[in-house]
Amino acid sequence: MAILSIALPIPKRQLFDYLYEGTPLPVGVRVCVSFGPRKLIGVVWGVSEKSDWDISKLKSIETVIDDSPIFNTSLIKLCSWLAQYYKHPIGDVIQTAMPVALRKGESCLAKPIQYWTLSDVGLSADLSTLSRAPKQRTLIQLLHNQDIVKSKARADFGAAAIKSLVEKDLIKLIEKVPSSVSTWQQDLIIQDKPIANVEQAIAISCIEAKLNQYGCFLLDGITGSGKTEVYLQAIEQVLKQGEQVLILVPEIGLTPQTVHRFKYRFGIDVGILHSGLNNNERLQVWQQSANGQLGIIIGTRSAIFTPMLKPGLLIVDEEHDSSYKQQDGLRYHARDLAVMRAREEKIPLVLGSATPALETLNNALTGKYQHLKLNRRAGNASLATQHIFDIRQQPLKFGVAQGMLDRISQHLQQGSQVMLFINRRGYAPALMCHQCGFVEHCKRCDKPFTVHKQLYKLQCHHCGSAKSIPKSCQQCQSNELTSMGVGTEQLEQGLASHFPQYSSIRIDSDTARGKNKLDNMLSSINNNEHQILIGTQILSKGHHFPNVTLVLILDVDGALFSGDYRAAEHLAQLITQLAGRAGRAEKPGEMWLQTHDPGHPLLQDLINNGYAHFAQYALLERQHANLPPYTFQALFKAQALSARDAFDFLQQISQLFSAANGVDIKDNVFCVGPIPALMEKRQGQYRMQLLLQSPLRSSLQNAIGQKIKQIETLNLTSKIRWSLDIDPHDFS
Ligand code: ADP
Ligand code: ZN
Ligand code: ZN
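Residues numbered from 1 in each chain as written. Chains lettered and ligands numbered in written order. Predicted model: local features only at pLDDT ≥ 70, side-chain atom pairs only at ≥ 80, totals over all residues. Heavy atoms only, no water.

A.B. asks: What is the right way to look at the sheet that holds strand β24 (residues 457-459) in this model?
C.D. replies: What holds strands together in a sheet is hydrogen bonding between their backbones, with the strands either parallel or antiparallel. With respect to topology, 3 strands assemble into an open sheet ordered β23-β24-β25, the strand pairing being antiparallel. Either end of the sheet is taken by a strand with one partner, and the two such strands are β23 (450-452) and β25 (466-468). Across the sheet, the mean angle separating the axes of adjacent strands is 30 degrees when strand polarity is ignored. In terms of strand pairing, β23 meets β24 through 3 bridges, oriented antiparallel. Counterpart to H452 in the pairing with β24 is K457. (Pairing = 2+ DSSP bridges. Helix = DSSP H or I, 4+ residues; strand = E, 2+ residues; numbered from the N terminus. Axes fitted to C-alpha atoms, helices over the stretch in contact; angles between N-to-C directions.)

A.B. asks: Mind showing me how you'd approach the site of ligand 1 here?
C.D. replies: Not every one of the 16 residues close to ligand 1 is listed here, only the nearest: I195, Q200, K227, T228 and R261. In the environment of ligand 1, an oxygen atom lies 2.8 Å from a nitrogen or oxygen atom belonging to the side chain of R261. Taking 560 Å² as the accessible area of ligand 1 by itself, protein coverage stands at 73%. Broken down by element, the shell around ligand 1 gets its largest block of residues, 3 residues, from helix α10 (residues 227-240). Of the residues in the shell around ligand 1, the class split is 5 nonpolar, 7 polar and 4 charged. (Near = heavy atom within 4 Å. Polar contact = N/O pair within 3.5 Å; in protein donor to acceptor, adjacent residues only side chain to side chain. Areas by Shrake-Rupley, 256 points an atom, 1.4 Å probe, with all protein chains shown as cover. Nonpolar A, V, L, I, M, F, W, Y, C, P; charged D, E, K, R; others polar.)

A.B. asks: Explanation requested: the pattern of salt bridges in the structure shown.
C.D. replies: Any two side chains of opposite charge can pair if their charged atoms end up close together. Inspection of every chain in the model, using the stated rule, returns 25 salt bridges. The shortest N-O distance in the salt bridge between E344 and K77 comes to 3.4 Å. Taken as a pair, E344 in helix α13 (residues 334-345) and K77 in helix α1 (residues 73-85) lie far apart in primary sequence, 267 residues in all. The class of K77 is partly exposed, set by a relative accessible area of 47%. One network of salt bridges, with partners in common, ties together K193, E236 and K240. (Salt bridge = Lys/Arg side-chain N within 4 Å of Asp/Glu carboxyl O. Buried < 20%, exposed > 50% of the residue type's maximum accessible area, 1.4 Å probe, protein only.)

A.B. asks: Can you walk me through the nonpolar core in this structure?
C.D. replies: Residues F636 and I704 are the most contacted members of the largest nonpolar core, which totals 116 residues. The greatest single-element share of this core, amounting to 9 residues, is contributed by helix α20 (residues 601-624). Contact partners of F636, with chain neighbours within four places excluded, come to L650, I653, F657, M688, Q689, L690, L692, I704, I711, W722, S723 and L724. (Core = buried A, V, L, I, M, F, W, Y, C linked by side-chain atoms within 4.5 Å. Contact = heavy atoms within 4.5 Å.)

A.B. asks: Please clarify how the coordination of the zinc ion (ligand 2) should be interpreted in this entry.
C.D. replies: A four-donor tetrahedral metal ideally has 109.5 degree angles, and a six-donor octahedral metal ideally has angles of 90 or 180 degrees. Only C433 (SG), C436 (SG), C473 (SG) and C476 (SG) from the protein reach the zinc ion (ligand 2) as donors, at distances of 2.2 to 2.4 Å. Sequence positions of the residues that donate to the zinc ion (ligand 2) give the spacing C-x2-C-x36-C-x2-C. On the criterion of sequence distance, the pair formed by C436 in the loop between β20 (430-433) and β21 (441-442) and C473 in the loop between β25 and β26 (481-484) is long-range, its members being 37 residues apart. By relative accessible area, C436 is classed as partly exposed at 34%. (Donors = N, O, S within 2.8 Å, 3.2 Å for Na, K, Ca; no water.)

A.B. asks: Would you take a moment to explain the sheet that holds strand β15 (residues 370-374) for this structure?
C.D. replies: Read across the open sheet, the 7 strands follow the order β11-β12-β10-β13-β14-β9-β15; overall the sheet is parallel. Each end of this open sheet is capped by a strand with a single partner; those strands are β11 (270-273) and β15. Strand-to-strand, the axes of this sheet are offset by a mean angle of 20 degrees, without reference to chain direction. Relative to β15, strand β9 (residues 215-221) is paired through 5 bridges, and the arrangement is parallel.

A.B. asks: Before we go on, may I ask you to explain the side chain of D727 in this structure?
C.D. replies: Mapping D727 onto the fold places it in the segment after β34 (721-726). In this view, D727 contacts Y85, K325, D336, Q633 and R697; residues no more than four positions away in its chain are not counted.

A.B. asks: What is the right way to look at the pairing of strand β4 (residues 38-48) in this model?
C.D. replies: Residues in a regular strand point their side chains to alternate faces of the sheet. Looking at chain direction, strand β1 (residues 2-7) and β4 are connected through 5 bridges and run antiparallel. Bridged to I6 within β4 is V44. Sheet topology note: the strand β3 (residues 30-35)/β4 ladder contains 6 bridges and is antiparallel. Bridge pairing in β4 links R30 to V43. The antiparallel pairing of β3 with β4 creates a hairpin that spans 2 residues between the two strands, and G36 there sits at a positive phi of about 55 degrees.

A.B. asks: Help me out: how do you make sense of the state of the cysteines in this one?
C.D. replies: A disulfide bridge is the covalent bond that connects two cysteines by way of their sulfur atoms. For the structure on display, the rule yields 0 disulfides. In this model C206 remains outside any disulfide bridge; the closest cysteine sulfur is found in C216, 13 Å from its own. For C216, a relative accessible area of 4% corresponds to the buried category. (Disulfide = S-S within 2.5 Å.)

A.B. asks: Honestly, a nonpolar patch on the surface in this entry has me stumped. Any pointers?
C.D. replies: On the surface, F670, V672 and I675 cluster together to form a nonpolar patch covering roughly 240 Å² of accessible area. Its location among the elements puts I675 in strand β32 (residues 670-682). Of the residues examined, I675 reaches a relative accessible area of 41% and is grouped as partly exposed. (Patch = residues over 30% accessible without salt bridge, like charges linked within 9 Å, V, L, I, M, F, W, Y side chains within 5 Å.)

A.B. asks: Even after reading the chapter, I still don't get the pairing of strand β10 (residues 244-248), so can you show me in this structure?
C.D. replies: In terms of residue burial, β10 counts as a mostly covered element, since 5 of its 5 residues are buried. Covered by surrounding structure in β10 are Q244, L246 and L248 together with V245 and I247, the residues of both alternating faces. Of the strand pairs in this sheet, β10 and strand β13 (residues 311-317) are connected by 5 bridges, and their pairing is parallel. Bridge pairing links L246 to L314 in β13. Taken together, the 4 bridges between β10 and strand β12 (residues 296-299) define a ladder with parallel strand orientation. Following the sheet pairing, I247 is matched in β12 by I298.

A.B. asks: Looking at this structure, I do not really get the packing of α1 against helix α2 (residues 90-97). What am I missing?
C.D. replies: The packing of two helices is summarised by the inter-axis angle and the distance between the axes. Remark: α1 packs on α2, axes separated minimally by 9 Å, with the N-to-C direction vectors making an angle of 130 degrees. In terms of their interaxial angle, α1 and α2 are classed as oblique. Viewed along their axes, α1 and α2 form a crossing whose handedness is right-handed. In this structure, α1 uses C79, S80, L82 and A83 to contact α2, whose residues at the interface are I90, V93, I94 and A97. Of the residues assigned to the contact of α1 with α2, the class counts are 7 nonpolar, 1 polar and no charged. (Parallel < 35°, antiparallel > 145°, perpendicular 65-115°, else oblique. Left-handed = near helix turned anticlockwise from the far one by under 90°.)

A.B. asks: What is the right way to look at the packing of aromatic side chains in this model?
C.D. replies: Two measures describe an aromatic ring pair: the distance that separates the ring centres and the angle between the ring planes. For the coordinates displayed, the defined rule picks out 12 aromatic pairs. Between the aromatic rings of W81 and Y85, the centroid separation amounts to 5.0 Å while the plane-to-plane angle is 10 degrees, which identifies the pairing as stacked. With a gap of 4 residues between them, W81 and Y85 both fall in helix α1, about one helical turn apart. Judged by relative accessible area, Y85 falls into the buried class, the value being 7%. Relative to F657, the ring of F636 lies with its centre 6.2 Å away and its plane at 40 degrees, an arrangement referred to as tilted. Separated by 21 residues along the polypeptide, F636 in strand β31 (residues 632-640) and F657 in the loop between α21 (643-656) and β32 bring together distant segments of the chain. Using a relative accessible area of 0% as the deciding quantity, one classes F636 as buried. Judged by its relative accessible area of 5%, F657 is buried. Put simply, the rings of F636, F649, F657 and W722 touch in pairs and so form one group of aromatic residues. (Phe/Tyr/Trp six-rings, centres within 6.5 Å; stacked < 30°, edge-to-face > 60°.)

Such coordinate-based values are descriptive only and should not be taken to indicate function.
In structure tokens, the structure reads:
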């Protein structure tokens, strides 16, 4: 009898012991066990000779699902590291790392696929009899060398040719599991590529020098400087070695151009992992990658868990993007995990961005990462000029100043596209009574409702609750209700009526929801069906609009006064990324920023000296204020129906970390709080936070490691919901 420690999907920081008769199962094999009244699927995570529990009471494992581990050694190590670093229950870590289909117990073996092969007749057939059917002839010729996947044969040769060959009994269908000998290597081609410029050539050779070993690179290049081209040429070497490349991107929907570039350059299938896949499709990509059948795998945050048979290179594109940090459950940062994974797999990692995160930049400046810079735009394209537009005392029409409307008009008349960014969807951010000043609020969040005119709704952007737009004021019954401020919907309406001869399109999460919607919108823009593009954050991410020559940024002043110390960094990244959307092609572009605070040092520095300069000063500021990346943070969050409970719970935690409770003073860990979250109330729950900070990562880790089990069992946990966020990004 062996005692196996099983990781179960239970929010407890522990493993569960079960008995198993026979040779102990290896770590990483899924098993089914009974847990109380339930049956759960868990993963073997260790073997031991003794148990902390009474052995006579241990239950036996009921069924074994896998013949061999579903994770390779490096993924097993990564999961252990995640659990340890993020102080998260291992069972939940493993759940996060598995595709949903595997969590549900699906087989992790690749399913057989149907192939066409030559029949006995076909093997000896005289090809001259097919001289008038060239497609059939070519297919027969190809089948002499290899079997061809059913769907591929149909796509390449057409149903008619296949039908005809079947009728002549020349080919037959067989089923087989794709062999783990990679199929993509036969298809690999290298399409014409541009000759790398000097900066690119240096970057490529630095990366190539580190193939087959760990090395982390920050590829720091302005938009259009040819970062993607550097990826492509580095990938080429890896593929030629027969190794695989995993690429993380912030959002697949925004990168169809990039995916197409990869496919086209190498002529091979690219495994794509995005939120639109169903569980089986996702599992299939996972299996194909694990079996080495895909050369390139590209996906969003959770794709970092994709196993590879022969890993060769990791790339995190737009590494500064906040979507790489998971904001619930296991709050991991995919970029940081990529670093751990590259170390574990002994392969290079390239972090690419035009606006590197301050953490990453600091690692490059201190020499932890190798800093590769691309300072010039590739080809002939020039960078957009950047300007500030002072709107103090200026009349605004739907949020836009007259001077800016004139500029929009000029660009439109030249046949260009213009792009307007506003960080607010909906018609207006509030509805107010003109008589008494009453503002409609969401009672669950204590925040004004956003007006959505097209939907005839007031909607809370914090909890999603909605109601129809009232006809009169709740407080004084006046029907003079006016909307306050401007959102994308109002901006679109305003511009459409101001420039009736041009077509406008709005891209935000209201309009771009649904399968292929975003894709279609992006291609209609590239086909010049629309001249005026209006949108939110989505516009700043990755997509290139070659015909846009004017970018106008409205209403970012709020971010200048944010309570979040990362707000300045994010604003600078946003502005720089938006400016990068313009003037991609040979058309020179300009970016204008409307503000009430034209002298603001952040804006002035950014516009006049660029992101790199801004970032250097921002890092200095962080250093003086003892903030990350110079210190390390962990955030306990608690929420409850009563603010008191949430407060008391965090207060107890704070006491656990006081010197009196055995945390060594030399650990240098100090607590801030409990204080209310930036959003004090949400969905009817009061929200509190306790911040832990230390100049040493190890001190913070040790201190939390010592106390986490105790925290898990505090009495108040029954009344509140709590979470721990290591390296927090979200203080809202
Ligand atoms: P980034 O990823 O930094 O935004 P890209 O790699 O997309 O930049 O390059 C921008 C444009 O310049 C693309 O159209 C690309 O084909 C072109 N390009 C990149 N490198 C070169 C080069 N060395 N010579 C000519 N054109 C290049
Ligand atoms: Zn009123
Ligand atoms: Zn709400």
